[in-house]
Amino acid sequence: MDPLTIAIIVIGFAFVFEYTNGFHDASNIVATLISTRAMSPRKALLTASVFEFMGPFIFGTAVAATIGKGIVDPKSLNIEVMMAVLLAAFTWNVFTWFVGLPSSSTHALIGG
């Protein structure tokens, strides 16, 4: 397969993973707010969306930096590894969402 096609596939995997990350982690964030009726579902999701977007700008990207410098050796990453990591993390996100288990998408990426 040509490198451009592989890159497009990996980017597609990343978009699919991010989609599952959004519905998976957002539900963990807003579940307490909605179940206790502290906020309506619409307000809770809007609040979560705003603060999830603002988080890296306000608090930085320390988790990503730690993973990039201290946990994963950048020399071991290639396109095949990235595809496997994203596929494994996506599968774990969907499985835990389907059975109703809370889990972290960041931990799914590390596990993948």
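Just so it is clear, the model here is predicted, and its values are computed rather than measured. (Residues numbered from 1 in each chain as written. Predicted model: local features only at pLDDT ≥ 70, side-chain atom pairs only at ≥ 80, totals over all residues. Heavy atoms only, no water.)

**Points about the environment of Phe13**
Within the secondary structure, Phe13 sits in helix α1 (residues 3–35). Judged by its relative accessible area of 27%, Phe13 is partly exposed. Separated by 72 residues in the primary sequence, Phe13 and Val85 have C-alpha atoms spaced 9.6 Å apart. Phe13 has contacts with Met83, Leu86 and Leu87, leaving out every residue within four places of it along the chain. (Helix = DSSP H or I, 4+ residues; strand = E, 2+ residues; numbered from the N terminus. Buried < 20%, exposed > 50% of the residue type's maximum accessible area, 1.4 Å probe, protein only. Contact = heavy atoms within 4.5 Å.)

**Quick word on the nonpolar core**
Counting six residues, the largest nonpolar core is built from Ile6, Val10, Phe17, Leu86, Ala89 and Ala108. Of all the secondary-structure elements, those providing two or more residues to this core are α1 and α4 (79–99). Leave out the neighbours within four places in its chain, and Val10 touches Ile79, Met82, Met83 and Leu86. (Core = buried A, V, L, I, M, F, W, Y, C linked by side-chain atoms within 4.5 Å.)

**Quick look at the side chain of Thr20**
Within the fold, Thr20 resides in helix α1. Within polar-contact distance, the side chain of Thr20 engages the backbone oxygen of Phe17 at 2.8 Å. (Polar contact = N/O pair within 3.5 Å; in protein donor to acceptor, adjacent residues only side chain to side chain.)

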